[in-house]
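Below are the chains, spelled out letter by letter.
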Amino acid sequence: MKRRTVLAGVLPFLQGTRWLDRLLLVNQGEIVQKRFVGIAGGETTEIVVVDDDGTTVSSEHKGLLGQSPEEISPADATSLRETYDAIQFHVTVNHHNSSLELFSRTGTVDYRTSRALYSGTAVGDHISFQTSLLNGDTIISLSCLASDRESLQRRCRVGIDDPTGE
């Protein structure tokens, strides 16, 4: 058997395992940081940062977001879209160790997410989630949301309406 034949059979399998990871396996971890950023003219501005040390709001947006910067309303997001070319919501997840180390992610990863998922979660929450097939660093849905690791399941009822909505 030629080396090219072996590589032709192995490479698609390895590529397929990456898709299998995103299709079938549920990522699990603890949210350690939430960030809300605005992008204008190629410059990125951190509007809100929430972590264990507390909440930091950009001084120019304290009037708009001062009351609840961890939960961005659709109206506040629309208002900020008038100031910035784009706005992005991020959550940083410290992954739980999994029994399927071949496929699961480990360590701390920064993910983009929707406004609804950003607003519906808090630092310290434990989540089970799926990522986008096309962009593995984007959370597209939550399977479970729990206050501690012991209560986290692969699937449970999540009380976030329209989790993919901006």
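Everything here concerns the structure above.
Residues numbered from 1 in each chain as written. Predicted model: local features only at pLDDT ≥ 70, side-chain atom pairs only at ≥ 80, totals over all residues. Heavy atoms only, no water.

### Overview of the overall build of the protein chain
Note the threshold: Helix and strand assignments follow DSSP, with helices taken as H or I runs no shorter than four residues and strands as E runs no shorter than two, numbered in order from the N terminus. Throughout this description, buried means an accessible area under 20% of the type-specific maximum (1.4 Å probe, protein chains only), exposed means over 50%, and partly exposed covers the range between. Residues are treated as being in contact if the distance between any of their heavy atoms lies within 4.5 Å. Per-residue and other accessible areas were derived by the Shrake-Rupley procedure at a 1.4 Å probe size, with only the shown protein chains allowed to occlude residues.
Secondary structure assignment for the protein chain yields 4 helices and 7 strands. Sorting the 166 residues of the protein chain into buried and exposed places 40% on the buried side. Taking the contacts inside the protein chain whose residues are at least 6 apart along the sequence as the reference set, 57% of them involve residues at least 24 apart. In the form shown here, the protein chain has an accessible surface area of approximately 9,700 Å², with 50% of it arising from carbon and sulfur atoms.

### Thoughts on the packing of aromatic side chains
Operational definition: In this analysis, rings of Phe, Tyr and Trp, with Trp reduced to its six-membered ring, are considered paired at centre separations within 6.5 Å, and the interplanar angle assigns stacked below 30 degrees, edge-to-face beyond 60, and tilted for intermediate values.
Applying the stated criterion across every chain, the model contains 4 aromatic pairs. For the pair F89 and Y118, a centre-to-centre distance of 5.3 Å together with 50° between the ring planes defines the contact as tilted. Here Y118 lies in helix 4 (residues 115–120) and F89 lies in strand 4 (residues 86–95), a separation of 29 residues in the sequence. Comparing F89 with Y118, the two get one shared label, buried.

### What about the side chain of H61?
Along the chain, H61 turns up in the loop between strand 3 (54–57) and helix 2 (62–65). Those residues in contact with H61 that lie beyond four places of it in its chain are I47, G66, L80 and Y84.

### A closer look at the nonpolar core
The cut-off we apply is this: In this text, buried Ala, Val, Leu, Ile, Met, Phe, Trp, Tyr and Cys residues form a nonpolar core when linked through side-chain atoms within 4.5 Å.
In terms of nonpolar packing, the biggest core is built from 13 residues, with F36, V48, L65, I72, I87 and Y118 touching the most fellow members. Of all elements in the fold, only strand 2 (43–51), helix 3 (74–83) and strand 4 reach the threshold of two or more residues within this core. When neighbours within four sequence positions are excluded, V48 is seen to be in contact with K34, R35, F36, T55, T56, V57, L65, P69 and Y118. Core analysis: the second largest hydrophobic core is formed by 10 residues, Y111, L117, F129 and I139 among them.

### Observations concerning empty space enclosed by the protein
In this approach a probe as big as a water molecule rolls over the atoms, and the regions it shows empty are the leftover space. The line we're drawing: We place a 1 Å grid over just the protein atoms. Points where a 1.4 Å probe fits but has no way out form a cavity, open points with protein on both sides within 12 Å along at least 5 of 7 lines form a pocket, and any residue with an atom within 4 Å of a point lines it. Grid points are joined across faces, edges and corners, and a volume is the space filled by probe spheres set on the points. All amino acids are sorted into three groups, where Ala, Val, Leu, Ile, Met, Phe, Trp, Tyr, Cys and Pro are nonpolar, Asp, Glu, Lys and Arg are charged, and the leftover types, Gly among them, are polar.
The full count for this structure, using the stated rule, is 2 cavities of 30 Å³ or more. The calculated volume of the largest cavity comes to roughly 40 Å³. As for the largest cavity, its lining consists of I31, V91, T113, L117, Y118, T121, I127, I139 and L142. At the level of secondary structure, the elements contributing two or more residues to the lining of the largest cavity comprise helix 4 and strand 7 (139–146). Taken together, the residues of the lining of the largest cavity break down into 7 nonpolar, 2 polar and no charged.

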